[in-house]
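Here are the chains, one letter per residue:
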Amino acid sequence: MQRDRARAAAAGALAALGILAACDTEPTEPPYSPSNAAIAFAQFSPGGSLAGDAGEFEHHVSCPMGGSVTFRGSVSLEEEGAVRIRRVTYVRRYEDCGIDRGYRSSSAVTANGELMYDGEMHMEFHDESWPPTVLLQKSRQFGTLTLLHGDEVTECEYDVEQVFDLVAGQYAVTGTACGVPVERTAMGGARVYWRTLSNKK
């Protein structure tokens, strides 16, 4: 089950980043992009380990193409009037973690290394009703991954921040993945755009 969830999360991340090729008449191998692969690896989540009360947690996930990811971290809660602030910090450690490259690709990408996650969510409760209104959600992921694709080895520095501000009506992802700038912005619920140098013409 964990393997299926991890495969689904990785495939969804690859699709969102445009790695999955559009349908055409002839099979083609999608070009390999270390930055896109790093972004896909950064989508792995500890899932249910973040549910419940504050405290420390450790969680292991099997990767779709072998290897594993280990999450070690903590959750803390703080109340500011009607607003509850949930802070999450964890280290995501990859050990020979493999994912497939998606549509029409038989090759895999393997990651070793660590990414640090540091984030918080501001939630407003109305008469203790669920779900609460998420006012602000922000996070930063940073660290170093060694990516292996065939005979190609890439030492990838990763540093990406994400901010969702409901009050301001803004959503943004900014940073760098393997030296490639990453930018995703949206305003007022408008269509979300991805832009990376690797996708520019």
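The structure we're discussing is the one just above.
Rules used in this analysis
- Residues numbered from 1 in each chain as written.
- Predicted model: local features only at pLDDT ≥ 70, side-chain atom pairs only at ≥ 80, totals over all residues.
- Heavy atoms only, no water.
- Helix = DSSP H or I, 4+ residues; strand = E, 2+ residues; numbered from the N terminus.
- Buried < 20%, exposed > 50% of the residue type's maximum accessible area, 1.4 Å probe, protein only.
- Contact = heavy atoms within 4.5 Å.
- Areas by Shrake-Rupley, 256 points an atom, 1.4 Å probe, with all protein chains shown as cover.
- Phe/Tyr/Trp six-rings, centres within 6.5 Å; stacked < 30°, edge-to-face > 60°.
- Disulfide = S-S within 2.5 Å.

## Observations concerning the overall build of the protein chain
Reasoning step 1: If you tally the helices and strands in the protein chain, you get two helices and nine strands.
Reasoning step 2: Element order for the protein chain, N to C, with α for helix and β for strand: α-α-β-β-β-β-β-β-β-β-β.
Reasoning step 3: Expressed as a percentage of its 201 residues, the buried residues of the protein chain come to 37%.
Reasoning step 4: Excluding contacts between residues fewer than 6 apart, the proportion of contacts in the protein chain whose partners are at least 24 apart in sequence is 50%.
Reasoning step 5: Only carbon and sulfur atoms are counted for the fraction: they give 52% of the accessible area of the protein chain, which is about 11,100 Å².

## Let's talk about the side chain of serine 139
Reasoning step 1: With respect to the secondary-structure elements, serine 139 resides in strand 5 (residues 133-149).
Reasoning step 2: Serine 139 gets classed as buried once you look at its relative accessible area, which sits at 13%.

## A few points about the packing of aromatic side chains
Reasoning step 1: Counting across every chain of the model gives seven aromatic pairs.
Reasoning step 2: Plain terms: the ring middles of tyrosine 90 and tyrosine 117 are 4.7 Å apart, the flat faces sit at 10 degrees to each other, and that makes the pair stacked. Of this pair, tyrosine 90 sits in strand 3 (residues 83-100) while tyrosine 117 sits in strand 4 (residues 108-124), placing them 27 residues apart in sequence.
Reasoning step 3: According to the relative accessible area criterion, tyrosine 90 is buried, its value standing at 4%.
Reasoning step 4: Residue classification places tyrosine 117 among the buried positions, given a relative accessible area of 16%.
Reasoning step 5: Pairwise contacts between aromatic rings join Phe57, Phe71, Tyr90 and Tyr117 into one cluster.

## Quick word on the state of the cysteines
Reasoning step 1: All chains considered together, the criterion is met by two disulfides.
Reasoning step 2: Here cysteine 63 pairs with cysteine 97 through a disulfide, and the sulfurs are 2.1 Å apart. Across the S-S bond of cysteine 63 and cysteine 97 the torsion is about -110 degrees, and the bridge reads as left-handed. Of this pair, cysteine 63 sits in the loop between strand 1 (55-62) and strand 2 (68-80) while cysteine 97 is found in strand 3, placing the two residues 34 residues apart along the sequence.
Reasoning step 3: Among the residues examined, cysteine 63 registers a relative accessible area of 0% and is labelled buried.

## Thoughts on unusual backbone geometry
Reasoning step 1: One non-glycine residue with positive phi stands out, namely aspartate 96, at about 50 degrees.
Reasoning step 2: Checked against the element boundaries, aspartate 96 lands in strand 3.
Reasoning step 3: The exposure class of aspartate 96 is partly exposed, given its relative accessible area of 49%.
Reasoning step 4: Although it is not a glycine, cysteine 178 adopts a positive phi angle of roughly 55 degrees.
Reasoning step 5: Topologically, cysteine 178 is positioned in the loop between strand 7 (170-177) and strand 8 (180-187).
Reasoning step 6: Taking the relative accessible area as the measure of exposure, cysteine 178 reaches 21% and is therefore partly exposed.

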